[in-house]
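Analysis of the macromolecular model
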Amino acid sequence: MIEFVIADDYDDMSRKAADIISAQIASKPDCVLGLATGSTPVGIYACLAEKYNNGELDFTHITSLNLDEFKGLSHDDKNSYYHYMYRNLFSKVNIDLNRAFVPDGSIENADEACRRYEKNIADTGGIDLQLLGLGHNGHIGFNEPSDVFPKRTHLVNLAESTISANSRFFTYKKDVPKQAYTMGIGNIMESKKILMAVSGTDKADIVRKAFFGDITPNVPASVLQLHPNVTVIGDKAAFSEITDYI
């Protein structure tokens, strides 16, 4: 089942998404949160930090698992997703960093890196709520369009469109990593609840394809049509091509 929640704009989308995550924490203070990176979640994390500062949220017993990390970047690299998470959320709330897991991009051996992260996932007992963004080509995590839905954590060669999209975070495009470690589609689909946040007219076409098109690994997010508990929060611009459906 997919529930679509229409927001007025990016700020409203961020607040609505943060409210859902807050409700999850309130109902289960020791829950496991699956977290995402990129431009879209920045406002969500700012809202969560504000709620924490206002005394509305307590992250003491929370465990978090991030979707992905660039291969070749250590956690202290300013362009790593760990650094992104620390800058936008971890340093602003009282989460235990020993239970804030992000794949280790500094591990050169892909099999070992993926094995370690699969153990992290298994040891948590499962994700209660997974936050997702949506790539322009339909990727979720770094699961790029392909012939199959990858099941578990794996090394992926990033699509040129993804590299281009990520280049805005780097001084030079040549420095953008070409590979990443990412949870697989199977890991994501095992989450009890999925929350996707999407914003902007540039996402309108892929929103329509993902949720009202064929279920195909060529549009990885389309697999979410098979999940029993998905909420998609989007602003009016992102939902502009699906108004007749919802």
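Use the structure listed above.
Residues numbered from 1 in each chain as written. Predicted model: local features only at pLDDT ≥ 70, side-chain atom pairs only at ≥ 80, totals over all residues. Heavy atoms only, no water.

**Topic: the overall build of the protein chain**
- When you go through the protein chain residue by residue, the secondary structure sums to seven helices and ten strands.
- Whereas a compact globule of 246 residues would reach a radius of gyration of roughly 18 Å, the protein chain reaches 17 Å, a difference of no more than 12%.
- Its C-alpha atoms give the protein chain principal-axis dimensions of roughly 45 × 45 × 35 Å.
- Residues counted as buried form 53% of the 246 residues belonging to the protein chain.
- Relative to all contacts within the protein chain whose residues are 6 or more apart in sequence, the contacts with residues 24 or more apart total 79%.
- The averaged location of the 33 negative side-chain charges in the protein chain is 2 Å from the averaged location of its 24 positive side-chain charges. (Helix = DSSP H or I, 4+ residues; strand = E, 2+ residues; numbered from the N terminus. Rg over C-alpha atoms; globule rule 2.2 N^0.38 Å. Buried < 20%, exposed > 50% of the residue type's maximum accessible area, 1.4 Å probe, protein only. Contact = heavy atoms within 4.5 Å. Lys, Arg positive; Asp, Glu negative; His and termini not counted. Charge placed at Lys NZ, Arg CZ, Asp CG, Glu CD.)

**Let's talk about the layout of surface pockets**
- In this structure, the largest pocket occupies an estimated 490 Å³ of space.
- Taken together, 27 residues make up the lining of the largest pocket; nearest its centre are Gly 38, Leu 134, Gly 135, His 139 and Lys 203.
- It is helix α5 (residues 160–166) that contributes the most residues to the lining of the largest pocket, four residues altogether.
- Taken together, the residues that form the lining of the largest pocket break down as nine nonpolar, 14 polar and four charged. (1 Å grid on protein atoms, 1.4 Å probe; cavity = no way out; pocket = protein on both sides within 12 Å on 5 of 7 lines; lining within 4 Å. Points joined across faces, edges and corners; volume = space filled by probe spheres on them. Nonpolar A, V, L, I, M, F, W, Y, C, P; charged D, E, K, R; others polar.)

**Some points on the packing of aromatic side chains**
- Summed over all chains, the structure comprises eleven aromatic pairs.
- Relative to Tyr 84, the ring of Tyr 81 lies with its centre 6.3 Å away and its plane at 75°, an arrangement referred to as edge-to-face. Pair noted here: Tyr 81 and Tyr 84 are both in helix α3 (residues 81–88), with a separation of three residues, about one helical turn. The burial state of Tyr 81 is the same as that of Tyr 84; both residues are buried. (Phe/Tyr/Trp six-rings, centres within 6.5 Å; stacked < 30°, edge-to-face > 60°.)

**Focus: the side chain of Asp 128**
- Mapped onto the elements of the fold, Asp 128 is located in the loop between α4 (110–124) and β6 (129–132).
- A distance of 3.0 Å separates a polar atom in the side chain of Asp 128 from a polar atom in the side chain of Lys 28.
- Within the structure, the side chain of Asp 128 is placed 2.8 Å from the backbone nitrogen of Val 32, a separation counted as a polar contact.
- Every residue in contact with Asp 128, bar those within four places of it in the chain, is listed here: Gln 24, Lys 28, Cys 31, Val 32, Lys 192 and Lys 193. (Polar contact = N/O pair within 3.5 Å; in protein donor to acceptor, adjacent residues only side chain to side chain.)

**Points about the sheet that holds β6**
- Reading across the sheet, the seven strands line up as β1-β10-β9-β6-β2-β3-β5 and stay open at both edges, with parallel pairing between neighbours. The open sheet has two edge strands, β1 (2–7) and β5 (100–101), and neither has a second partner.
- Here four bridges tie β6 to strand β9 (residues 193–198), and the two strands are oriented parallel to one another. By the bridge assignment for β9, Leu 132 is matched with Met 196.
- Against the sheet, helix α7 (residues 204–212) engages β1, β9 and β10 (230–235), with an angle of about 160° to β1. (Pairing = 2+ DSSP bridges. Axes fitted to C-alpha atoms, helices over the stretch in contact; angles between N-to-C directions.)

Limitation: the analysis is restricted to geometry and does not speak to function.
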